[in-house]
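Next come the chains, spelled out residue by residue.
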Amino acid sequence: MDDLNLRYREIISYEPAGDLVMTHEESMETAIPEYCPDLTRIVDTAGQIWVREKSLTDGKMSVSGSIHVTVLYTSEESAGLRSLTVSLPFTCRAEDKRACQTVSVDGKLLLLEVKMLGARKLYIRALPEFRVRGYRRVQHHLCTGVQEDEGLQILRRQTVLPLLTNIWERDINFAQEIAPETGEEQTADLLMDRVFLQLNSCQHFGNKLVIKGEAIMSMLCRAEDQTLNSRQVTLPFSQIIDGEDLPEEATFSCIARMAEHEIHPVRTESGSGLGVTMRITLEIRTYEQLAVDYVADLYSTRREVTAKLADIAFSTAAVPEDIRRDCDQRLDGAGSFAYLTDTKVSQPEVTALEGGRPALRGTLRMKILYLDDTGTPVTAERSAEVGAELGQMPSSVRVRTGPESWQRTGNGFEVRVPVLFSLQRSDQKELCAVTAAQQGGEIDHSAAPSLILRRLQEGESLWDVAKQCQTEEAIILSANELGNGAEATDHRLLLIPRMR
């Protein structure tokens, strides 16, 4: 038998390979810089994870970078709250047998412990956790046509495949100075900062992708009179991406992650401004609705044809859906000042409500720095349950917090923390298609009955009957005076003439 000349369309997409969770404890002893006064009491600590490199080689996953540790403390040598920063490098490795081509990494601190080893020395221990989402690059060949021959019958079907067709990363590096606003308190020292990245748009124009967003900087400052104050500054950023494969009808989504940043006061004649340097990593995804026309079956009324059919599984994907939930917390007896030094949300669990509707549930934990009745800085911890009802079950969930907002109450403060869920949904769609076909000698119809009477069985189509009887659908329709195949499904007897 000879192979039929089939034509194929190559379809490349990415499918999720599951999450790999990695942890690795790091610790170090360090002397504090000479310009810092002696430590008397540690008030609070906070850490930010900066992932600088990730690699997947020979079944081993490696994530490296540093933990930017901020220590807030008091000193008998100096009035007011002080701070120092320490960089704790890390490298986390694990076996990874998922056969991924692309990974994305989100990190959080499960533990950060800072102890005083005297007035000039610190012991730091940290336990970072990394959730590594993997994606496999999948290549399918779908039969879309065949070199047609006399008597060859082809069953064609059409469908739309929503696919994730590309994932790549780009870095944004920028530096900017921000002038002081009129009426702002003069900043003597920047004690700590937290930066939230917010993407506003990801638009496709021709062969370019324009991404716009904002870096919202929340800063704890000490004024020249040693009083504490906070500032929130929004810094817009944008990036134009070209040189990539940007399909015209595709939809693009983007995730922004902070790789590293530095914010420091800049003295000017008009006051204290800010110098900002940042490196932001953009993870960009391409989603396409691919319309495909494929060959689901074939046979010949003239020659012996053997067709091989197989179910081809595609991992479908939809553009992530974002859900925001605000969490309010009240802090009574907080004196004249309060500031949120850290927020984190546990990895959400998907639960079922009454009626089977899915819902997300997680725990928001926050640390609040405030002044007590004596003006002494202290820290309080709060936790709250956060969640959201869902319309469909997600395949993965990414969660983060946004910049908080404060409101003064009678004897304290109320803080509102936005919790942002990003839901990714994927599914499996199978297409039964021809994967190979061979043809042999001519069929001898002389021994076949001149006329066959039969009914369509349950689940049987007119195509199935025509294939079994080695005839054509059009001939059956004409012989039974039927306008289309749908009319032939009433289980009545059908006349099936012999092919000539």
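What you are looking at is a predicted structure, and each value in this text was computed from that prediction instead of being measured.

A. The overall build of the chain, seen in detail. Each helix and strand in the chain was counted, giving 2 helices and 26 strands. Relative to the 2.2 N^0.38 estimate, which gives 23 Å for 500 residues, the radius of gyration of the chain is 32 Å and therefore markedly larger than a compact globule would have. Seen through its C-alpha atoms, the chain measures out along the principal axes to roughly 110 × 45 × 40 Å. Counting over 500 residues, the chain shows a buried share of 49%. The long-range share in the chain, meaning contacts at least 24 apart out of those at least 6 apart in sequence, stands at 76%. Of the roughly 24,800 Å² of accessible surface on the chain, 43% is carried by carbon and sulfur atoms. Here the chain holds 55 positive side-chain charges and 75 negative ones, and the gap between their average locations is 2 Å.

B. View of the sheet that holds strand β4 (residues 41-57). Spatial strand order, β4-β5-β6: 3 strands in an open sheet with antiparallel pairing. What marks the edges here is a single partner per strand, and that holds for β4 and β6 (78-95). With direction set aside, neighbouring strand axes in the sheet form an average angle of 15°. Strand direction decides the pairing type here: β4 and strand β5 (residues 60-75), joined by 15 bridges, are antiparallel. Note on β5: the bridge partner recorded for Gly-47 is Val-69.

C. Region of interest: the pattern of salt bridges. Per the counting criterion, the structure on display carries 31 salt bridges. Put simply, Asp-19 and Arg-133 hold a salt bridge, and the shortest N to O gap is 3.6 Å. Note that Asp-19 is positioned in strand β2 (residues 6-23) and Arg-133 in strand β8 (residues 121-146), a separation of 114 residues in sequence. In this structure Asp-19 comes out as partly exposed when scored by relative accessible area, which is 35%. Since its relative accessible area comes to 7%, Arg-133 is described here as buried. Where Glu-95 meets Lys-97, a salt bridge forms, and the shortest distance between an N and an O atom there is 3.5 Å. Given a relative accessible area of 67%, Lys-97 falls into the exposed group. Salt bridges linked by common partners bring Asp-19, Asp-106, Arg-131, Arg-133, Arg-257, Glu-283, Arg-285 and Arg-398 together as one network.

D. Local environment of the nonpolar core. Judged by nonpolar contacts, the single largest core of 31 residues is most densely connected at Met-217, Met-278, Ile-280 and Ile-284. Among the elements of the structure, β9 (152-178), β10 (187-205), β11 (208-223), β12 (228-241), β13 (251-268) and β14 (271-300) are those that each provide at least two residues to this core. Val-69, Val-71, Phe-90 and Val-132 belong to the second largest nonpolar core, which has 28 residues in total.

E. Spatial organisation of the packing of aromatic side chains. Enumeration over the complete set of coordinates arrives at 3 aromatic pairs. With a centroid separation of 4.9 Å and 70° between ring planes, the pair formed by Tyr-299 and Trp-463 is classed as edge-to-face. Highlighted residues: Tyr-299 in strand β14 and Trp-463 in helix α1 (residues 462-468), separated in sequence by 164 residues. Under the relative-accessibility criterion, Trp-463 is labelled buried at 6%. Between Trp-406 and Phe-413, the aromatic rings sit 5.9 Å apart at their centres with planes inclined by 90°, giving edge-to-face as the arrangement. The exposure class assigned to Trp-406 is partly exposed, which follows from its relative accessible area of 28%. Phe-413 sits in the buried class, given a relative accessible area of 10%.

F. The arrangement of the environment of Val-399 in detail. By secondary structure assignment, the location of Val-399 is in strand β21 (residues 396-401). The spacing of Val-399 and Val-210 is 189 residues in sequence and 24 Å in space, taken between C-alpha atoms. With residues near it in sequence (within four places) discarded, Val-399 still touches Val-345, Ser-346, Pro-348, Val-419, Leu-420 and Phe-421.

G. Fine view of the side chain of Arg-98. Its place among the elements puts Arg-98 in the loop between β6 and β7 (102-116). Note on Arg-98: relative accessible area 12%, which makes it buried. Among the polar contacts listed, one links the side chain of Arg-98 to the backbone oxygen of Val-132, at a separation of 3.0 Å.

H. Molecular detail of the environment of Asn-229. For Asn-229, the location among the structural elements is in strand β12. Given the relative accessible area of 8%, Asn-229 is considered buried. For the pair Asn-229 and Gly-273, spaced 44 residues apart in sequence, the C-alpha to C-alpha distance is 15 Å.

I. Quick look at a nonpolar patch on the surface. Taken together, the side chains of Leu-451, Leu-453, Leu-493 and Leu-495 make up a nonpolar region of the molecular surface, amounting to roughly 350 Å² of accessible area. With respect to the helices and strands, the residue Leu-495 is situated in strand β26 (residues 494-497). Taking the relative accessible area as the measure of exposure, Leu-495 reaches 32% and is therefore partly exposed.

J. Structural detail: the confidence of the model for the chain. In the predicted model, the chain carries a mean pLDDT of 90, and the fraction of residues at 70 or more is 95%. Across the chain, β5 holds the top mean pLDDT of 96, while strand β1 (residues 2-3) sits lowest at 70.

K. Up close: the side chain of Glu-288. Summarising the element assignment, Glu-288 is placed in strand β14. One buried charged residue, Glu-288, remains without a salt bridge, the closest side chain of opposite sign being Arg-9 at 6.8 Å.

L. Quick look at unusual backbone geometry. Located in the positive-phi region is Gln-226, a residue other than glycine, with phi close to 75°. In this structure, Glu-481 takes a positive phi of about 50° despite not being glycine.

M. Quick look at the state of the cysteines. Across all of its chains, the model carries 0 disulfides by this definition. Summary of cysteine pairing: Cys-92 is not part of a disulfide, and the nearest cysteine sulfur, belonging to Cys-100, is at 16 Å. Of all cysteine sulfurs in the structure, the one in Cys-202 sits closest to Cys-254, which takes part in no disulfide; the separation is 5.5 Å. Judged by its relative accessible area of 16%, Cys-254 falls in the buried class.

N. Highlighting the pairing of β26. Of the two faces of β26, only one is covered, namely that formed by Leu-494 and Ile-496; the face formed by Leu-495 and Pro-497 stays uncovered. Relative to β26, strand β25 (residues 451-454) runs antiparallel, the two sharing 4 bridges. Its bridge partner being in β26, Arg-454 is matched across the sheet by Leu-494.

Basis of the calculations
- Residues numbered from 1 in each chain as written.
- Predicted model: local features only at pLDDT ≥ 70, side-chain atom pairs only at ≥ 80, totals over all residues.
- Heavy atoms only, no water.
- Helix = DSSP H or I, 4+ residues; strand = E, 2+ residues; numbered from the N terminus.
- Rg over C-alpha atoms; globule rule 2.2 N^0.38 Å.
- Buried < 20%, exposed > 50% of the residue type's maximum accessible area, 1.4 Å probe, protein only.
- Contact = heavy atoms within 4.5 Å.
- Areas by Shrake-Rupley, 256 points an atom, 1.4 Å probe, with all protein chains shown as cover.
- Lys, Arg positive; Asp, Glu negative; His and termini not counted.
- Charge placed at Lys NZ, Arg CZ, Asp CG, Glu CD.
- Pairing = 2+ DSSP bridges.
- Axes fitted to C-alpha atoms, helices over the stretch in contact; angles between N-to-C directions.
- Salt bridge = Lys/Arg side-chain N within 4 Å of Asp/Glu carboxyl O.
- Core = buried A, V, L, I, M, F, W, Y, C linked by side-chain atoms within 4.5 Å.
- Phe/Tyr/Trp six-rings, centres within 6.5 Å; stacked < 30°, edge-to-face > 60°.
- Polar contact = N/O pair within 3.5 Å; in protein donor to acceptor, adjacent residues only side chain to side chain.
- Patch = residues over 30% accessible without salt bridge, like charges linked within 9 Å, V, L, I, M, F, W, Y side chains within 5 Å.
- pLDDT = per-residue confidence, 0-100.
- Disulfide = S-S within 2.5 Å.

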